[in-house]
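# Breakdown of the fold
Here's the letter readout for the chains.
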Amino acid sequence: MKFHVMTLFPDMISAGLHTSILGRAMDAGIIELKTHDIRDYSKDKHRHVDDYPYGGGAGMVMSAEPIAACYADICEKRMRRDRPRVIYVTPWGKPFHQEMAKEMAEMDDLIFLCGHYEGVDERVLESIVTDYVSIGDYVLSGGELPAMVMIDAISRMVPGVLTNEESGMTESFENNLLEYPQYTRPEEWNERKVPEVLLSGNHKKIAEWRAERSVDRTMKYRPELMEGAVLDKKTAKYYREHYVNEK
Ligand code: ADE
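The next thing to look at is the packing of aromatic side chains. Per the stated rule, a full pass over the model turns up five aromatic pairs. Through a chain of ring-to-ring contacts, the aromatic side chains of Tyr88, Trp92 and Tyr132 assemble into a single cluster.

As structure tokens, then:
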């Protein structure tokens, strides 16, 4: 799968994504990342890519032309007839979530557009963007971090990026339950002991304990997720006994 990122800060994108699991996947050729510096497409001798907003107001607006030229260049080199998926990351987009990451991971390629300043000329958005996506209800200084967040989450869903063991970790979130607590050596740290059951070697009991702690954690921090949670019989019983007021 190939990610294209149109940005004013290509180094930020490359530096942030060439590490850990994604770095490994790129080295293995499973995913590919190509940054495109929008400034390279400015026709201006000072390489300007923004201008004052019509109608007045604070800040600058990114001009349509350099972005359109950058997009045209990507399309030409892409050599495909179908229209590429172009994601504009913006606080007013649709909220990003795991299901969206999974769906996007099925594409052969994706193009991200990272905005800056007070926004991007609406006309270029209208002509190239297919998806408007937000990573949360807060405003960041630019689209680079949101694009990186999305690329990380999408890449993890591309077959071959995660090892079997790593895949299991995501699955537990897919049931709408939060992760159970984890412990490593030493057995006692600052007078806090690792829960007995984890030292027992009894895998069935450990799995039960973990499922229950997932329910506890979900109910404490994200109770609204519980509605879509998939519980096995035993865990469902635990949930009913501890969290549902039976009359
Ligand atoms: N650009 C600035 N803030 C953003 C956000 N929360 N999500 C996506 N893109 C953004």
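Below, the discussion takes up the environment of Arg24. Within the fold, Arg24 resides in helix α2 (residues 20–27). With 137 residues separating them along the chain, Arg24 and Val161 place their C-alpha atoms 8.1 Å apart. Among the polar contacts made by the side chain of Arg24, one reaches the main-chain carbonyl oxygen of Val161 at a distance of 2.9 Å.

As a further point, take the pattern of salt bridges. One side chain can pair with another of opposite charge once the charged atoms of both are near each other. In total, this model carries 20 salt bridges according to the counting rule given. Among the ionic pairs, Arg24 bridges to Glu166, the shortest N-O distance being 2.8 Å. Separated by 142 residues along the polypeptide, Arg24 in helix α2 and Glu166 in helix α7 (residues 164–174) bring together distant segments of the chain. Accessibility expressed as a relative area gives 37% for Arg24, which makes it partly exposed. One continuous salt-bridge network, built from bridges that share partners, spans Arg78, Arg80, Asp82, Asp108 and Asp109.

On to helix α6 (residues 144–155). Helix length check: α6, at twelve residues, gives a terminal C-alpha distance of 16 Å against a target of 16 Å (1.5 Å per residue), a fit within 8%. The element α6 is largely enclosed, with a buried count of nine among its twelve residues. Looking at α6, one finds that the buried residues are Glu144, Pro146, Ala147, Met148, Met150, Ile151, Ala153, Ile154 and Ser155.

A grouping of Phe9, Met12, Tyr138, Leu140 and Leu145 is seen on the molecular surface, where their side chains present a nonpolar patch of about 440 Å² in accessible area. Summarising the element assignment, Leu145 is placed in helix α6.

The next thing to look at is unusual backbone geometry. Each neighbour pair has its own omega, and for Arg185 with Pro186 the value is 5 degrees, a cis peptide bond. You will see that Arg47, though not glycine, has its phi angle at about 60 degrees, which is positive. As for its position among the elements, Arg47 is in the loop between β2 (32–37) and β3 (50–51). A relative accessible area of 36% places Arg47 in the partly exposed class. Here Glu191, not a glycine, exhibits a phi torsion of approximately 65 degrees, which is positive. Among the structural elements, Glu191 can be located in the loop between β8 (188–189) and β9 (192–193). By relative accessible area, Glu191 is classed as exposed at 75%.

Within the largest apolar cluster, 32 residues are counted, with the highest numbers of intra-cluster contacts made by Phe3, Ile31, Phe112, Met150 and Ile154. Listed by contribution, the elements that provide at least two residues to this core are β1 (2–7), α1 (10–17), α2, β5 (85–95), α4 (98–104), β6 (109–114) and α6. Looking at this core element by element, the count peaks at six residues for α6. Not counting chain neighbours up to four residues away, the residues in contact with Met150 comprise Ile87, Val89, Phe96, Met104, Phe112, Val133 and Ile135. With 19 residues, the next largest nonpolar core counts Met62, Cys70, Tyr71 and Ile111 among its residues.

Here we come to the packing of helix α8 (residues 203–221) against helix α9 (residues 233–243). Helix-helix packing is characterised by the crossing angle of the two axes and by the distance between the axes. At a minimum axis separation of 10 Å, α8 and α9 run at an interaxial angle of 40 degrees. In terms of axis orientation, α8 runs oblique to α9. Seen along the crossing, α8 lies across α9 with a hand that is right-handed. Seen from α8, the contacting residues are Lys204, Glu208, Ala211, Glu212, Arg213, Val215, Asp216 and Met219; seen from α9, they are Lys234, Thr235, Tyr238, Tyr239 and Tyr243.

Moving on to the pairing of β5. Here β5 runs beside β6; their pairing, made up of five bridges, is parallel. Bridge pairing links Val86 to Ile111 in β6. In this fold, the crossover linking β5 to β6 by way of α4 has right-handed handedness. As defined by bridge partners, β5 adjoins strand β7 (residues 131–134) across five bridges and the pair is classed as parallel. Bridge pairing in β7 places Lys94 opposite Val133.

Quick notes on the rules
One numbering rule holds for all chains: residues counted from 1, following each sequence as written. In keeping with the predicted nature of the model, local features appear solely for residues at pLDDT of at least 70, side-chain atom pairs appear and are counted solely at 80 or more, and the whole-chain, interface and lining totals rest on all residues. As a rule here, side-chain values cover all heavy atoms of the structure and leave hydrogens and water aside. Only the six-membered ring of Trp is used, alongside the rings of Phe and Tyr, when aromatic pairs are assigned; centres must lie within 6.5 Å, and planes under 30 degrees apart are stacked while those over 60 apart are edge-to-face, with the rest tilted. Numbering of helices and strands starts at the N terminus; helices are DSSP runs of H or I of at least 4 residues and strands are runs of E of at least 2. In protein, a polar contact means a hydrogen-donor-capable atom and an acceptor-capable atom, both N or O and within 3.5 Å, with residues adjacent in sequence counting only if both atoms are side-chain atoms; elsewhere, any N or O pair within 3.5 Å suffices. One side-chain nitrogen of Lys or Arg within 4 Å of one carboxyl oxygen of Asp or Glu is enough to make a salt bridge. We call a residue buried when its accessible area falls under 20% of the maximum for its residue type, exposed when it is over 50%, and partly exposed in between, using a 1.4 Å probe and counting protein chains only. In a helix, the anticipated span is given by 1.5 Å times the number of residues less one. A patch consists of residues whose relative accessible area exceeds 30% and which take part in no salt bridge; residues with like charges are grouped when within 9 Å of each other, and nonpolar side chains (Val, Leu, Ile, Met, Phe, Trp, Tyr) when within 5 Å. Each accessible area value is a Shrake-Rupley result obtained with a 1.4 Å probe; residue values ignore everything except the protein chains displayed when judging cover. Residues grouped as a nonpolar core are buried Ala, Val, Leu, Ile, Met, Phe, Trp, Tyr and Cys residues, joined through side-chain atoms within 4.5 Å. Contacts are assigned to residue pairs with any non-hydrogen atoms lying within 4.5 Å of each other. Here, axes are lines fitted to C-alpha atoms. For helices the fit covers the stretch in contact, and angles between N-to-C directions go from 0 to 180 degrees. Here the angle decides the label: under 35 degrees means roughly parallel, over 145 means roughly antiparallel, 65 to 115 means roughly perpendicular, and every other value means oblique. Each crossing gets its hand from how the near helix is turned against the far one by less than a right angle, where anticlockwise is left-handed and clockwise is right-handed. At least two DSSP bridges between two strands are needed for those strands to be called paired. Classification remark: right-handed applies to a crossover when, strands pointing away from the viewer, the course from the first strand over the helix to the second runs clockwise.

What is shown is where atoms sit, not what they do.
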